[in-house]
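The lines below spell out each chain.
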Amino acid sequence: MPTAWYAARAGKVLSIERDAEWFAEVSSRLTNLKNAELRLRASREAYLAIEDDRQFDLIMIDGAWRDDCAQLATQHLAPGGVIYCDNTDKQSGTSGDLTEARRLLIAFAEERNLPWTEITDFAPTQFFVERALWIGPNPPG
């Protein structure tokens with residue numbers, strides 16, 4: 001579970017979930033981690049509501065409405081920060097338009113002369129590979 005993993009290693013973590021059942025599961029694992037803020041936001045409008053001045057060192061896009069999240073991420077990335085968008089090789093669906101998310105993020109990186117790379121690796125607990133997009137310095141691997 002990425003939220004708990006990051007909260008154990010980061011100064012502060014904000015995770016936004018839209019599924020109440022998953023929210024409850026994640027919440028139960030964060031009880032001892034006081035630096036993690038978990039928000040349940042079921043509607044698109046609420047899910048995408050981030051304070052205008054908030055900036056993040058790492059933005060992970062791995063949930064709903066990824067094309068909208070990609071656009072939002074470009075507005076909230078701190079200088080020197082990283083955007084990671086998972087499953088960029090998938091087609092549109094419940095996660096939003098992944099092709100558009102990939103296009104938006106690459107355009108953002110190129111406009112700002114930021115390094116970007118695509119990562120292909122095995123998905124946890126799966127027997128197939130998936131692609132992700134890394135925008136920013138120091139890509140893994």
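Right above here is the structure, for reference.
Summary of the structure given here. (Residues numbered from 1 in each chain as written. Predicted model: local features only at pLDDT ≥ 70, side-chain atom pairs only at ≥ 80, totals over all residues. Heavy atoms only, no water.)

### Points about the pattern of salt bridges
And step 1. Scanning all chains against the criterion turns up 10 salt bridges.
And step 2. Residues R102 and E118 are paired through a salt bridge, measuring 2.8 Å at the closest nitrogen-oxygen approach. Linking R102 in helix 5 (residues 98-111) with E118 in strand 5 (residues 116-122), this pair joins segments that are 16 residues apart in sequence.
And step 3. According to the relative accessible area criterion, R102 is partly exposed, its value standing at 29%.
And step 4. Taken together, the salt bridges that share partners define one network made up of E37, R39, E51 and R54. (Salt bridge = Lys/Arg side-chain N within 4 Å of Asp/Glu carboxyl O. Helix = DSSP H or I, 4+ residues; strand = E, 2+ residues; numbered from the N terminus. Buried < 20%, exposed > 50% of the residue type's maximum accessible area, 1.4 Å probe, protein only.)

### Re the packing of helix 4 (residues 66-76) against helix 5
And step 1. As a packed pair, helix 4 and helix 5 sit with axes 7 Å apart at the nearest point and diverge in direction by 15°. By the angle between their directions, the pair helix 4 and helix 5 is classed as roughly parallel. Here helix 4 runs over helix 5; the crossing is right-handed. Across the interface between the two elements, R66, D67, A70, Q71 and T74 of helix 4 pack against L98, E100, A101, L104, L105 and F108 of helix 5.
And step 2. Taken together, the residues that form the contact of helix 4 with helix 5 break down as six nonpolar, two polar and three charged. (Axes fitted to C-alpha atoms, helices over the stretch in contact; angles between N-to-C directions. Parallel < 35°, antiparallel > 145°, perpendicular 65-115°, else oblique. Left-handed = near helix turned anticlockwise from the far one by under 90°. Contact = heavy atoms within 4.5 Å. Nonpolar A, V, L, I, M, F, W, Y, C, P; charged D, E, K, R; others polar.)

### Brief notes about the side chain of N87
And step 1. Counting through the fold element by element, N87 comes out in the loop between strand 4 (77-86) and helix 5.
And step 2. Within the structure, N87 has its side chain in polar contact with the side chain of R66 (distance 2.9 Å).
And step 3. Among the polar contacts made by the side chain of N87, one reaches the side chain of E130 at a distance of 2.9 Å.
And step 4. The residues touching N87, leaving out its near neighbours within four places in the chain, are D62, R66, L98, E130, R131 and A132. (Polar contact = N/O pair within 3.5 Å; in protein donor to acceptor, adjacent residues only side chain to side chain.)

### Things to note about the packing of aromatic side chains
And step 1. Here the structure, examined in full by the defined rule, presents three aromatic pairs.
And step 2. Summarising the aromatic geometry, the rings of W5 and Y6 are spaced 4.9 Å apart at their centres and angled 90° between planes, so their arrangement reads as edge-to-face.
And step 3. Residue W5 is classed as partly exposed on the basis of its relative accessible area of 46%.
And step 4. Measuring from ring centre to ring centre gives 5.1 Å for Y47 and W65, while their planes differ by 65°; the resulting arrangement is edge-to-face. A residue pair is termed long-range when its members are at least 10 positions apart, and Y47 in helix 3 (residues 44-47) and W65 in the loop between strand 3 (56-61) and helix 4 qualify at 18 residues.
And step 5. Judged by its relative accessible area of 8%, Y47 falls in the buried class.
And step 6. The class of W65 is buried, set by a relative accessible area of 18%.
And step 7. For R18, the ring lying beneath its charged end belongs to W65, and the centroid distance is 5.2 Å. (Phe/Tyr/Trp six-rings, centres within 6.5 Å; stacked < 30°, edge-to-face > 60°. Lys NZ or Arg CZ within 6 Å of the ring centre and 35° of its normal.)

### A short note on the nonpolar core
Across soluble globular proteins, you tend to see nonpolar side chains buried next to one another.
And step 1. Judged by nonpolar contacts, the single largest core of 24 residues is most densely connected at Y47, I59, I61, I83, L105 and I135.
And step 2. Secondary structure elements with two or more residues in this core: strand 3, helix 4, strand 4, helix 5 and strand 6 (129-135).
And step 3. Looking at this core, the element that brings in the most residues is helix 5, giving six residues.
And step 4. I61 has contacts with R66, C69, A70, A73, I83, Y84, C85, D86 and L105, leaving out every residue within four places of it along the chain.
And step 5. Counting residues in each nonpolar core, the second largest holds seven residues, with V26, L30, A36 and L38 among its members. (Core = buried A, V, L, I, M, F, W, Y, C linked by side-chain atoms within 4.5 Å.)

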